[in-house]
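Residue-level listing of the chains:
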Amino acid sequence: MRIEVPVICSQETFQHNPQYEIHKGERVPHLDSVERVLAIKRALKESGFANFKNIDVSSIDGMPWIRQVHDSAYLRFLQRASRRIRGLVPDEEVSPGEMRALYPQVFGYSSSCRSEESEAEIGLFAFDLYTPVMRHTFAVAVDSARCALAGAEILRRGEPYVYVLTRPPGHHAEKDKMGGYCYLNNDVIAAQYLIGNGAKRVAILDVDLHHGNGVQNLTYERGDIAYISLHGDPRFTFPYFSGYEDETGENAGQGTKHNFPLPKGTEEELYHETLKKALRKIAFYDPDYLIVAAGFDTHKDDPFQTFKLSTSYYWRLGKEIKRLKRRTLVLQEGGYNPEVLGESVVVFLRGLLGI
Ligand code: Q9C
Ligand code: ZN
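What you see is a predicted model; the values in this text were computed from it and never measured.

Conventions adopted
Residues numbered from 1 in each chain as written. Chains lettered and ligands numbered in written order. Predicted model: local features only at pLDDT ≥ 70, side-chain atom pairs only at ≥ 80, totals over all residues. Heavy atoms only, no water. Salt bridge = Lys/Arg side-chain N within 4 Å of Asp/Glu carboxyl O. Buried < 20%, exposed > 50% of the residue type's maximum accessible area, 1.4 Å probe, protein only. Helix = DSSP H or I, 4+ residues; strand = E, 2+ residues; numbered from the N terminus. Donors = N, O, S within 2.8 Å, 3.2 Å for Na, K, Ca; no water.

1. Description of the pattern of salt bridges
- Enumeration according to the criterion identifies 15 salt bridges in this entry.
- Across the pair Arg-235 and Asp-233 runs a salt bridge whose closest N-O atoms are separated by 2.8 Å.
- With a relative accessible area of 9%, Asp-233 lands in the buried category.
- Among the ionic pairs, Arg-326 bridges to Asp-286, the shortest N-O distance being 2.5 Å. Highlighted residues: Arg-326 in the loop between helix 9 (313-322) and strand 12 (327-332) and Asp-286 in the loop between helix 8 (268-285) and strand 11 (289-294), separated in sequence by 40 residues.
- The class of Arg-326 is partly exposed, set by a relative accessible area of 21%.

Dropping the structure here:
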């Protein structure tokens, strides 16, 4: 029998093409490029084991699941702000005062905003300057979440592994805030879908370089979604405000959140030892499904330059996760060097499939 893995992706992602982010007060090229998608797709096609599903995700009714996870005022803002933006027009055709991309400038210092200007309101709904709202942002973020739902459904029907090329990514998105290139929390939305369809427990393993603050905060008081994350120590790595070891969940969620912050320069052996500890927590939790928030910005050649994992390491990562023997939904998160990203995804999936 030929081994293959179902792959879900959507053309809509190409409508999301942020040009720049504001870093240390400077305008710098945005890292979440469309080249990332092209690199992943090319590598998957060449791999021979990717079974590209031609699902028209636009027909999936994702909003009921998205509304269970995100605040309705936030969703309304995102939709309205996207609609108001001129978007994909050449710079010279954008008249003064007209916007191509919306960034926060005043962060909300009260709990509500009486101005209805997008540039005022965004101060309540964004937590950084890395995550612009553009013409197609709402539609493309909804589409990315729909891809995650399509993947969850395939898993539910009995497939052991599914890979979803979710872009924009999801793990930083909060109940009512965008940030870290994320708008909608694909990971929690997919978990919510699986639980809504009968799963008792879902574990989310986050191997992106950055702590998934959104996943943790959205599930902090829930016992039905575990969150286990390995990431750069938030004392010096984005998103700074969460991901510390003593954050373990509250109320029904107490003991279902586990953070493994790691130092700058972390190499494969330390990473792997830590991974085994993290996977023990998951085995003990005994989930019906596993969702992997799969970021590859831990690569030694990634622009973040924080961890030192090589492309071949991702095979060991996949293989170790396979030992959990859980139906596994892989959702794409970060990974910003297109030169190594495609191969990293493929090598990871090979490990997961055991080939
Ligand atoms: N210009 C994800 O990996 N910091 N998000 C950017 C570098 C923001 C990463 C600073 C990092 C967000 C999904
Ligand atoms: Zn990341």
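Read on, since the account is not over.
2. Remarks on the coordination of the zinc ion (ligand 2)
- On the protein side, the zinc ion (ligand 2) has Asp-208 (OD), Asp-208 (OD), His-210 (ND1) and Asp-297 (OD) as donor atoms, found 1.9 to 2.8 Å from it.
- Mapping the donors of the zinc ion (ligand 2) onto the primary sequence gives the spacing D-x1-H-x86-D. This pair shows no difference in class: Asp-208 is buried, exactly as His-210 is.

3. Concerning unusual backbone geometry
- Omega for the peptide link from Arg-167 to Pro-168 comes to 5°, which places this bond in the cis form.
- Position of Pro-168 relative to the elements: it lies in the loop between strand 7 (161-164) and helix 6 (186-196).
- Each neighbour pair has its own omega, and for Phe-238 with Pro-239 the value is 5°, a cis peptide bond.
- Checked against the element boundaries, Pro-239 lands in the loop between strand 9 (225-232) and strand 10 (257-262).
- Even without a glycine there, the phi angle at Tyr-240 is positive, about 65°.
- Within the secondary structure, Tyr-240 is located in the loop between strand 9 and strand 10.
- The phi angle at Asp-286 is positive, at roughly 55°, despite the residue not being glycine.

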